[in-house]
Amino acid sequence: VTCSAAMRDEVPTLFDLDPDSITVIRNGITARQWHVTKKQVNKARARWAPKDQRLLLYFGRLEYEKGVQDLITALPLICREHPTTRLVIAGVGGQRDLLEEHASTQRVRNNVIFAGHLPDDDLATLLAAADAVVLPSRYEPFGLVALEAAAAGAPLVASTAGGLREVVIDGKTGVSFTPGDITGLAEAVSRVLADPASAARRARAARARLTAEFDWATIAAQ
């Protein structure tokens with residue numbers, strides 16, 4: 001059993017298996033745990049974007065394969081179109097110091113907040129407050145964080161790495177770009193920031209899809 005079709009394609013080579021013997025059963029989520037109130041969202045906006053900046057969020061491990069360095073590289077391009085953009089990076093990992101140095105090199109250190117590990121409640125409110133959650137992975141077996149962002153109602157921008165392309169459907173439940181494509185990443189984020197109404201429609205579609213395809217009862221039955 002693999003958690004995505006992408007992993008189903010990878011596993012036979014790694015372990016010399018017959019592809020027909022592998023079944024895909026995706027990860028799931030309890031969506032209601034990620035719902036927050038409008039009051040909580042306003043409080044999060046006041047904390048993370050106090051001057052009504054455009055608020056981007058990455059959350060997850062700070063490791064090379066997660067592509068956070070690509071998001072930081074793309075940030076100057078994003079700021080040309082949306083000068084008040086602020087990026088919050090939530091998570092821990094071995095690349096933290098390098099990423100901070102990279103933000104300085106790209107001259108966007110003042111636009112980036114390294115928030116470290118956040119408790120679930122704080123993360124849920126930050127997700128709901130974000131103008132876009134950006135998942136720039138270069139390698140991703142599944143992409144559970146995309147489900148969590150969708151459950152919180154956040155607009156999604158994600159690479160097509162591995163399982164992410166199955167979770168985030170370009171133009172329907174989010175906006176996608178090719179892994180490592182800095183210009184494509186910047187254009188995808190700018191597209192979301194420039195059209196909040198369309199971003200909100202995609203976010204609603206992503207949340208609705210959770211019940212149909214990623215509910216634990218459905219996955220348990222599989």
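So, here is what we can say about the structure in this document. Here the structure is a predicted model, which means the values were calculated and not measured.

### Some details on the overall build of the protein chain
Here's step 1: Along its length, the protein chain carries ten helices and six strands.
Here's step 2: Taking 17 Å as the expected radius of gyration for a compact globule of 222 residues, we find that the protein chain reaches 17 Å, a close match to that expectation.
Here's step 3: Taken along the three principal axes of its C-alpha coordinates, the protein chain extends 55 × 35 × 30 Å.
Here's step 4: Residues counted as buried form 50% of the 222 residues belonging to the protein chain.
Here's step 5: Across the protein chain, every contact between residues at least 6 apart in sequence was considered, and the portion connecting residues at least 24 apart equals 69%.
Here's step 6: On the protein chain, roughly 10700 Å² of surface is accessible, and the fraction owed to carbon and sulfur atoms is 49%.
Here's step 7: The protein chain carries 26 positive and 26 negative side-chain charges, and their two centres are separated by 10 Å.

### Here we look at the packing of helix H2 (residues 38-48) against helix H5 (residues 120-129)
Here's step 1: Two numbers describe how H2 lies on H5: the axes approach to 8 Å, and their chain directions differ by 85°. Relative to H5, H2 is oriented roughly perpendicular. The segment H2 lies against H5, with Gln40, Val41, Ala44, Arg45, Arg47 and Trp48 engaging Asp122, Thr125, Leu126, Ala128 and Ala129.
Here's step 2: Partitioned by chemical class, the residues of the contact of H2 with H5 number six nonpolar, two polar and three charged.

### Some words on the packing of aromatic side chains
Here's step 1: Using the criterion set out here, one finds one aromatic pair in the structure.
Here's step 2: A centroid spacing of 6.4 Å and a plane angle of 70° characterise the contact between phenylalanine 142 and phenylalanine 214, whose relative ring orientation is edge-to-face. One end of the pair, phenylalanine 142, is in the loop between strand E4 (132-135) and helix H6 (144-151); the other, phenylalanine 214, is in helix H9 (residues 196-214), and 72 residues separate them in sequence.
Here's step 3: Using a relative accessible area of 4% as the deciding quantity, one classes phenylalanine 142 as buried.
Here's step 4: Note on phenylalanine 214: relative accessible area 1%, which makes it buried.

### Focus on the side chain of arginine 209
Here's step 1: Tracing the sequence through the fold places arginine 209 in helix H9.
Here's step 2: If near-sequence neighbours (up to four positions away) are discounted, arginine 209 is found in contact with Arg26, Glu166, Val167, Ile169, Thr173 and Phe214.

### Points about the pattern of salt bridges
Here's step 1: According to the stated counting rule, one finds eleven salt bridges in the structure shown.
Here's step 2: Residue glutamate 140 pairs with lysine 66 through a salt bridge whose shortest N-O separation is 2.9 Å. Placement of the pair is glutamate 140 in the loop between E4 and H6 and lysine 66 in the loop between strand E1 (55-59) and helix H3 (68-81), with a sequence separation of 74 residues.
Here's step 3: Where arginine 138 meets aspartate 70, a salt bridge forms, and the shortest distance between an N and an O atom there is 2.7 Å. In this pair, arginine 138 is assigned in the loop between E4 and H6 and aspartate 70 in helix H3, connecting sequence segments 68 residues apart.

### Let's talk about the sheet that holds strand E3 (residues 112-116)
Here's step 1: Strand order in the open sheet formed by six strands is E3-E2-E1-E4-E5-E6, with parallel pairing between adjacent strands. Strands at the two margins of the open sheet, each flanked by one partner only, are E3 and strand E6 (175-177). Ignoring strand direction, the axes of neighbouring strands in this sheet form an average angle of 20°.
Here's step 2: Packing of H5 onto the sheet brings it into contact with E1, strand E2 (86-90) and E4, and relative to E1 it is tilted by some 140°.

### Here's the deal with a nonpolar patch on the surface
Here's step 1: On the surface, a cluster of nonpolar side chains totalling about 320 Å² of accessible area is made up of Leu14, Phe15 and Leu17.
Here's step 2: Considering the arrangement of structural elements, one finds leucine 17 in the loop between helix H1 (5-15) and H2.
Here's step 3: Exposure remark for leucine 17: the relative accessible area of 39% places this residue in the partly exposed category.

### Concerning the side chain of glutamate 166
Here's step 1: When you line up the elements, glutamate 166 lands in helix H7 (residues 164-167).
Here's step 2: Glutamate 166 sits in the buried class, given a relative accessible area of 14%.
Here's step 3: A distance of 3.0 Å separates the side chain of glutamate 166 from the backbone nitrogen of alanine 5, its partner in a polar contact.
Here's step 4: Those residues in contact with glutamate 166, other than ones at most four positions away along the chain, are Ser4, Ala5, Ala6, Arg26 and Arg209.

Definitions and limits used
- Residues numbered from 1 in each chain as written.
- Predicted model: local features only at pLDDT ≥ 70, side-chain atom pairs only at ≥ 80, totals over all residues.
- Heavy atoms only, no water.
- Helix = DSSP H or I, 4+ residues; strand = E, 2+ residues; numbered from the N terminus.
- Rg over C-alpha atoms; globule rule 2.2 N^0.38 Å.
- Buried < 20%, exposed > 50% of the residue type's maximum accessible area, 1.4 Å probe, protein only.
- Contact = heavy atoms within 4.5 Å.
- Areas by Shrake-Rupley, 256 points an atom, 1.4 Å probe, with all protein chains shown as cover.
- Lys, Arg positive; Asp, Glu negative; His and termini not counted.
- Charge placed at Lys NZ, Arg CZ, Asp CG, Glu CD.
- Axes fitted to C-alpha atoms, helices over the stretch in contact; angles between N-to-C directions.
- Parallel < 35°, antiparallel > 145°, perpendicular 65-115°, else oblique.
- Nonpolar A, V, L, I, M, F, W, Y, C, P; charged D, E, K, R; others polar.
- Phe/Tyr/Trp six-rings, centres within 6.5 Å; stacked < 30°, edge-to-face > 60°.
- Salt bridge = Lys/Arg side-chain N within 4 Å of Asp/Glu carboxyl O.
- Pairing = 2+ DSSP bridges.
- Patch = residues over 30% accessible without salt bridge, like charges linked within 9 Å, V, L, I, M, F, W, Y side chains within 5 Å.
- Polar contact = N/O pair within 3.5 Å; in protein donor to acceptor, adjacent residues only side chain to side chain.

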